[in-house]
Amino acid sequence: MSSQTLEKPQFKTRKPSKMLEYVVTYTILTLFSAIIIAPILILVSASFKPSSEIFEYPPKFLPSTWTLENYAGALEKAPLLRYLLNTLLVALGVTFGQLVTSSLAAFAFARLNLPARNALFMGVIATYMVPWELTLIPNYLTVSNFKLIDNYGALVLPFLAGAFGIFLLRQNFKQIPEEFFDAAKIDGASNLQQLWYVVFPLARPALAALALLTFLSTWNQYLWPLIVTNSETWRTAQVGLRFFLVDQEGTNYGFVAAGAVIVLLPTLIAFVVLERSFVRGLSMGGLKG
Amino acid sequence: MATTLTGRDGTRVRTATSFGTLWFLVPAAAFLVTFTIYPAFNAFWLSLQTEAPFSGNTLWNGLGNYVDLFKDKDFANSLVTSLVFTLLTVPLSIGGGLLAAVMLHRNIPGIRVYRVLLFLPVAVPTATAAVAWRWLYHPVVGQINYALSLVGIDKVQWLQDPNIALFAVALAVAWQGIGLNAILLLAGLQGIPEELVEAARLDGANPVHIFTKITLPLLTPTLFFTSIVGVISALTTFGPIHILTQGGPAGATQVAVYRIYTEAFINFRFGYASAQAVVLFIIILAFSIVQNRLERTVHYQ
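Chemist: Sorry, what's going on with the packing of helix α13 (residues 237-248) of chain A against helix α14 (residues 253-273) of chain A here?
Modeler: Think of two packed helices as two axes; the pair is described by the angle between the axes and how far apart they sit. All names here are of chain A. The interhelical angle for the contact between α13 and α14, taken along N-to-C directions, is 175°, at an axis separation of 9 Å. One way to sum up the angle between α13 and α14 is to call them roughly antiparallel. Side by side, α13 and α14 meet where Ala237, Leu241, Phe244, Leu245 and Gln248 of the first sit next to Phe255, Val256, Gly259, Ala260 and Val263 of the second. Split into classes, the residues belonging to the contact of α13 with α14 amount to 8 nonpolar, 2 polar and no charged.

Chemist: When you look at the nonpolar core in this model, what are you seeing that I'm missing?
Modeler: Soluble, globular proteins show a tendency: their nonpolar side chains are buried together. In terms of nonpolar packing, the biggest core is built from 158 residues, with Leu43(A), Ala260(A), Val131(B), Ala132(B) and Ala182(B) touching the most fellow members. When residues in this core are grouped by element, the largest group, 16 residues, is from helix α7 (residues 165-190) of chain B. Sequence-distant contacts of Ala182(B), that is, excluding residues within four places in its chain, are made with Gly97(B), Ala100(B), Ala101(B), Leu104(B), Leu118(B) and Phe119(B).

Chemist: Would you take a moment to explain the interface of chain A and chain B for this structure?
Modeler: Bring the parts together and some accessible area is lost; that lost area is often taken as the interface size. Taken together, the contacts link 72 residues of chain A with 77 residues of chain B. For the side of chain A that touches chain B, the secondary structure elements donating two or more residues are α1 (11-47), α4 (80-111), α5 (117-127), α6 (132-145), α12 (223-228), α13, α14 and α15 (275-288) of chain A. Looking at the side of chain A that touches chain B element by element, the count peaks at 12 residues for α1(A). A class-by-class count of the residues in the side of chain A that touches chain B yields 54 nonpolar, 15 polar and 3 charged.

Chemist: Sorry, what's going on with unusual backbone geometry here?
Modeler: What is expected of a backbone is that most residues other than glycine have negative phi and most peptide bonds are trans. Between Tyr57(A) and the following residue, Pro58(A), the backbone shows a cis peptide bond with an omega angle of -5°. Among the structural elements, Pro58(A) can be located in the loop between α2 (51-54) and α3 (69-77). With omega at -10°, the peptide bond leading from Gly248(B) into Pro249(B) counts as cis. Inspection of the secondary structure puts Pro249(B) in the loop between α10 (239-244) and α11 (256-266). One non-glycine residue, Asp150(A), adopts positive backbone phi at about 60°. Tracing the chain through its elements places Asp150(A) in the loop between α6 and α7 (152-156). Although it is not a glycine, Ala250(B) adopts a positive phi angle of roughly 50°. With respect to the helices, strands and loops of the structure, Ala250(B) is situated in the loop between α10 and α11.

What counts as what
Residues numbered from 1 in each chain as written. Chains lettered and ligands numbered in written order. Predicted model: local features only at pLDDT ≥ 70, side-chain atom pairs only at ≥ 80, totals over all residues. Axes fitted to C-alpha atoms, helices over the stretch in contact; angles between N-to-C directions. Helix = DSSP H or I, 4+ residues; strand = E, 2+ residues; numbered from the N terminus. Parallel < 35°, antiparallel > 145°, perpendicular 65-115°, else oblique. Contact = placed C-beta atoms within 7 Å. Nonpolar A, V, L, I, M, F, W, Y, C, P; charged D, E, K, R; others polar. Core = buried A, V, L, I, M, F, W, Y, C linked by C-beta atoms within 7 Å. Buried ≥ 20, exposed ≤ 12 C-beta atoms within 10 Å, placed from the backbone.

Just geometry here; none of it tells us what the structure is for.
Below, the structure is given as C-alpha cells:
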C-alpha cells in the first residue's frame, strides 16, 4: 500500500497516498473493533430496554426509552452482589495464597541449595502436565470428605499452589544479580529477609503478572464452583449468572442481560483502567509460560 | 551434597545445603500433593472401580470401565465432538487475534483506544460472554438473524439445529479467545526487529511478501504458544457449552468434559467418569507432545 520510494519526484504524491492509507487503516480498525465489541454493546443495550422492547422485531440497536428497571429487577431476583462478593473473596484468597506459596518455593529453587533440588523442581514441573479435568473427581471427593461443600474452603484450597506460578517466579528470581544478595547477606539478612527486602521489590512485575493471571482465571472458573456449591449463598458470579439465566430467561430477559452486565462490570472497569498492566502481565505470563 | 568452604581462619564454613531450607517448599508442596499429585494417581485408581448399585460402595472392576468405554458410542461421539470443536475454535481465535494484532501493530494516533477495544474480550467473564451470545443467536429477535434477513437469508436456528450448534458455540468461544491471542501476538510482533522489516522494504518487497516471508516465520514461536494454549483450553471447554446448549441439541455439543461432568455429577458414576477423564488426559498429553515436537522442527528451519 505504501508507495515510498527514494526518488524525489514522488514526494508530492506521497501525501495523498499517506492520507488514503490512514483512512483505510482507521476504517478497517473501526469496523473490526465494532464487530468485536458488538456482542457486548448489544447486551448492554438490551439491559437498558424496557420489557416491551426486548422482544420487539425488528430488533433496535438502541433502546427507544432507557430504563434501569432491569437492573433493579435483577438485583431483586438474585443475590448478584453476594455472588460477586464470593467471587472477589475467592479470587483474592487464591491470588494471595499463590503469591505466598509460589514465591517461597520459587525463591528456594532459584537461590537455596536444597537437597535434591533438580529432582524436586522436575516434580513440580511434572504437575503442570496434569490437567484440572483429571483431578476433578478425586478433588471433589476430597473436599466433600472434608465437609467443604458450600464453603469458601472448597473454592480456594485446591488452587493455593501451582507449577505455573512457581516456574514463572523462579525464572524471574534467577535473573536478580548476585550482588544484591551479597549486600543483604553482609547485613546479616536471613533467607526470608532476602526474599522480602531484595526479591520482592525487584520482581514486582513478575509478581504482578502472576497475581493478574491467577485472579482472572479464578474469577472465570466455572466447572469447579458449579460442582462444589449447592446453595445460592456460596455461588460465584459465573455459576450464579447461569442459574439466573435458566430461571429468568423465559420471562424476564432484560433482567438476565442486566445481571450479565453487573457480572461484567468489575473486570471490565479494571481492564479499561489498567489496560497497560493487563497487557504487560498477560504477555509476560504468556511468553514465559 | 553440602558444599563446604574453608574460612580465612581455617575453620570450615558450611554454606546452604541444609534441610532447613526445605521449609520454603512446604506450603507449595502440601497443596500440590493434596490437590494435584494425589488426585492424579487417585483418578487412575478410581477408574478401576465401579459403584455398587444402591449401597454406594465401590467395587473393584479392573479394566472393566475401559472395556465399556471402548463400546460406548456416546463417549466416542463426545471425543469426536471435542476434536471438531477444537479444530473450529483454535483457527478462528488465532486468526482473529492475528488480524487484530497486525492491525494494532502501528504507531498512529488513537491506537490505544483500538487496543482497548480489540483486547476487550479478555476482560469479559465466561458467563457474561455466553449470555451475550445466546442473545445474539436468538432465533427470532437475535441481531445475527436480523442482519442476515437484511441480505435475504432465512432465519438460522443457531443453537437449536444439531448441524449448526457446534459451530455456533465454537464461534462464541473463539470470540472470547481473540482478546488474549491479540495481546500475545502483538507482543510477538513487537519483538520482531524493526531493521529486518525495513531492510526488506528497501529491497522492494511488497507488504504481503514482508508478512509471509519475514513476519510470519518470526512469529511462529508465539503462534505455537497460542495454539498449544488454545488447543488445551478448547479440548477442556465446559462453561460456555453448559450455558449455551447444555450439550444439546441431540447431543450435538456434547464435548468430552461435558460427558465426564454428566457421568460423574448427574449419574454419580465416579469410576466410569474417571476412566473417561484418564482417556481425555492421555489425548491432551499426546497433543502437547506432538505440538512440542513440531515446535522444535519449525524452530530449526
